[in-house]
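Examining the three-dimensional arrangement
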Amino acid sequence: EEATPLLGLVLDVVQPVLVGLALGGDDRARGLVRSALDADDTAVRAHAARRLVRLYPAGSVEPQLIAAQSRHADVRLAAITQLASAFELARGPAADSAAPEPADPGASGTAATSSSPSSGSSGSSAIAAITDALVAALGSEHADLRLRAAVALARRGNSLGIDVLGGFLRSDDHAEE
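None of the values given here were measured: they were computed from a predicted structure.

What counts and what doesn't
Residues numbered from 1 in each chain as written. Predicted model: local features only at pLDDT ≥ 70, side-chain atom pairs only at ≥ 80, totals over all residues. Heavy atoms only, no water. Helix = DSSP H or I, 4+ residues; strand = E, 2+ residues; numbered from the N terminus. pLDDT = per-residue confidence, 0-100. Contact = heavy atoms within 4.5 Å. Core = buried A, V, L, I, M, F, W, Y, C linked by side-chain atoms within 4.5 Å. Buried < 20%, exposed > 50% of the residue type's maximum accessible area, 1.4 Å probe, protein only. Polar contact = N/O pair within 3.5 Å; in protein donor to acceptor, adjacent residues only side chain to side chain.

1. Focus: the environment of E62
Tracing the backbone through its elements, the reader meets E62 in helix α4 (residues 62-67). Sequence-wise, E62 and A126 are 64 residues apart; in three dimensions their C-alpha atoms are separated by 8.4 Å.

As structure tokens, then:
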């Protein structure tokens, strides 16, 4: 019970102060905001992911790339979902008729709001970084994370996730889905 007021203090006071310091150029504060993605408490991790977005320019996928490396699957899944949405949006108007799954509407500053990960040379490096994160997610121990990454790669014409998709088709656990 006593952890609740402390958690409220961390979420309402400590993290905003750290973000303010990080925006002012304090690298230690920036590191603390990043490290909160690996906190033991789910609420702290989710709050940190929302705060991390504020440390980067609008439309940047960098916060999601960082979150995709968290030691916690919930943070990685949210980040991969946002990266996959940005990756699919980068397909442009020639995209097939399959609509991409929306990113978490409750998350502020999702990568899905970045409609230009493919513009210019920085866009191509963002696409390469997203591809790397999705490929890394293929090796996750969490099925939902592997599936989301494999689908995003396949929708972009990248065959690296075919084995994962095939595994889901062969799996007894998913045969009726």
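2. Some points on the confidence of the model for the protein chain
Summing up the model confidence of the protein chain, the mean pLDDT is 80 and the portion of residues at 70 or higher is 77%. Mean pLDDT in the protein chain bottoms out at helix α1 (residues 3-23), which sits at 79, and peaks at α4, which reaches 96. Low pLDDT, under 50, characterises residues 93-116; the stretch is placed with 35 contacts to residues that sit more than four places away or in other chains.

3. Section: the nonpolar core
Membership of the largest hydrophobic core comes to 41 residues, with the highest contact counts inside it found for I80, L83 and L134. By residue number, the principal contributor to this core is helix α5 (residues 73-89), which donates 7 residues.

4. Regarding the environment of V135
Here V135 is to be found in helix α6 (residues 120-137). Under the relative-accessibility criterion, V135 is labelled partly exposed at 31%. The spacing of V135 and R146 is 11 residues in sequence and 8.9 Å in space, taken between C-alpha atoms.

5. Structural notes on the side chain of S140
Within the element layout of this structure, S140 appears in the loop between α6 and α7 (143-155). Accessibility expressed as a relative area gives 9% for S140, which makes it buried. A polar contact is formed between the side chain of S140 and the backbone nitrogen of H142, at a distance of 2.9 Å. Apart from residues no more than four positions distant in its own chain, S140 is found in contact with R76, L145 and R146.

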